[in-house]
Amino acid sequence: MLGHTVLGFEQPYLAPLVGVLTGVTTEFVLETVEAWAWRRPARYLGVPRDRVADFFLPSYICGLLCAMLLYGNGHLMPTALAAGIGVGSAYVFRVRAPEAASGVSRTGPDAPGAAFLNPVAFGIVVVLLLFPWVGLAPAYQFTAWVSGPFDLIVPMAVLAGGMAANAGGAGRLPLVLGWVGGFALQACLRGGLSDVSTVSALLPMTGTAFALYTGYVITDPGTSPVRARDQVVFGLATAAVYGLLVQFHVVFGLFFALVIVCAGRELGRPLRLFFGGSTVPGTPYREISRCRGRPVRAPAASPPAGPP
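**Student:** Quick one: what's the story with the nonpolar core, residue by residue and with numbers?
**Tutor:** Generally speaking, nonpolar side chains in soluble globular proteins are found buried as a group. If you look at the biggest cluster of nonpolar residues, it comprises 48 residues, and the most contacted ones within it are Leu69, Ile124, Trp179, Tyr213, Val217, Phe255 and Leu258. If you list the elements that add at least two residues to this core, you get helix 3 (49-69), helix 4 (77-92), helix 6 (119-130), helix 7 (150-167), helix 8 (173-193), helix 10 (208-217), helix 11 (228-247) and helix 12 (253-267). In contact with Leu69, other than residues within four places in its own chain, are Gln11, Val120, Ile124, Gly135, Leu136, Ala137, Phe142, Leu212, Val217 and Phe255.

Below is the structure:
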């Protein structure tokens, strides 16, 4: 609301509402269908009321971020499509971590596997590829109607909110440090090894869009590593891929880089197993339980039944 009334967002006023409704509705429909297929209770049932809201929180955030970061002129379809694809990707692209390695069950009746593609980045990338007339929100819109010290206060406030969230239960500060440090490093390398201006390469770090991406997109707990070392590597890898994409004049590099790194991380699972790395795709189960309901151990006798 502040973005559309105070800051100068240029998307339609209905874009946030459409994004959130699409994301939450997609989550509700897919979870209901999957629960029916696997003959298990839907994860939003049988939990305290506050946990129901927590269950839909990731899809709510996904829809809101798609509405803020995409720009499709006056059309609402790109926002709705990106939110639907992003939330839906969590039900399509999943892996099942070995229970012995993770120490927790991801095959129980309320643990249908773990998504590995960042939902916001994947939804936005698919829409950008399908519709060339759709782009990202212009960087200036985040502070278009304010001036003076607010040009600095707005991005700092957004970044501070993201840092507070990541320093708490999410535990993604190492990822933020790896990403920000890697971004600065690739900018310096591009400035030193090519004719690119180092200042220009560092300039995106001063914008509100970068703060949003750093605090709320790349740090998605469900699709980013758990261990601090892996988080740092994840952030550095995303920055390195971004630098390569930009160097080869690929636009929208932030989101393409994140999707590439997420996919490559799962393709490299055998290597991680060989070197003793973590096989848990995202947040530890105890953290998922905080957002998606109480943990339920897998039945010891037999695996869950398949679709009818």
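Picking up where we left off.
**Student:** Describe in detail the packing of helix 8 against helix 10, supporting the description with residues and values.
**Tutor:** For any two helices packed against each other, one specifies the inter-axial angle together with the distance between the axes. The interhelical angle for the contact between helix 8 and helix 10, taken along N-to-C directions, is 145°, at an axis separation of 9 Å. Between helix 8 and helix 10 lies a crossing of right-handed hand. Packed against helix 8, whose contacting residues are Val176, Trp179, Val180 and Phe183, the element helix 10 presents Phe210, Tyr213 and Thr214 at the interface. By residue class, the composition of the contact of helix 8 with helix 10 is six nonpolar, one polar and no charged.

**Student:** Please provide a residue-by-residue account of the pattern of salt bridges, values included.
**Tutor:** Applying the stated criterion across every chain yields a total of seven salt bridges. With its nearest N and O atoms 3.4 Å apart, the salt bridge here joins Asp230 to Arg227. On the accessibility criterion, Asp230 (17% relative accessible area) is buried. Ionic pairing is found between Glu266 and Arg265, a salt bridge with its closest N-O pair at 3.9 Å. The same class applies to Glu266 as to Arg265, namely buried. Taken together, the shared-partner salt bridges connect Glu31, Glu34, Arg40, Arg43 and Arg94 into one network.

Definitions and limits used
- Residues numbered from 1 in each chain as written.
- Predicted model: local features only at pLDDT ≥ 70, side-chain atom pairs only at ≥ 80, totals over all residues.
- Heavy atoms only, no water.
- Core = buried A, V, L, I, M, F, W, Y, C linked by side-chain atoms within 4.5 Å.
- Buried < 20%, exposed > 50% of the residue type's maximum accessible area, 1.4 Å probe, protein only.
- Helix = DSSP H or I, 4+ residues; strand = E, 2+ residues; numbered from the N terminus.
- Contact = heavy atoms within 4.5 Å.
- Axes fitted to C-alpha atoms, helices over the stretch in contact; angles between N-to-C directions.
- Left-handed = near helix turned anticlockwise from the far one by under 90°.
- Nonpolar A, V, L, I, M, F, W, Y, C, P; charged D, E, K, R; others polar.
- Salt bridge = Lys/Arg side-chain N within 4 Å of Asp/Glu carboxyl O.

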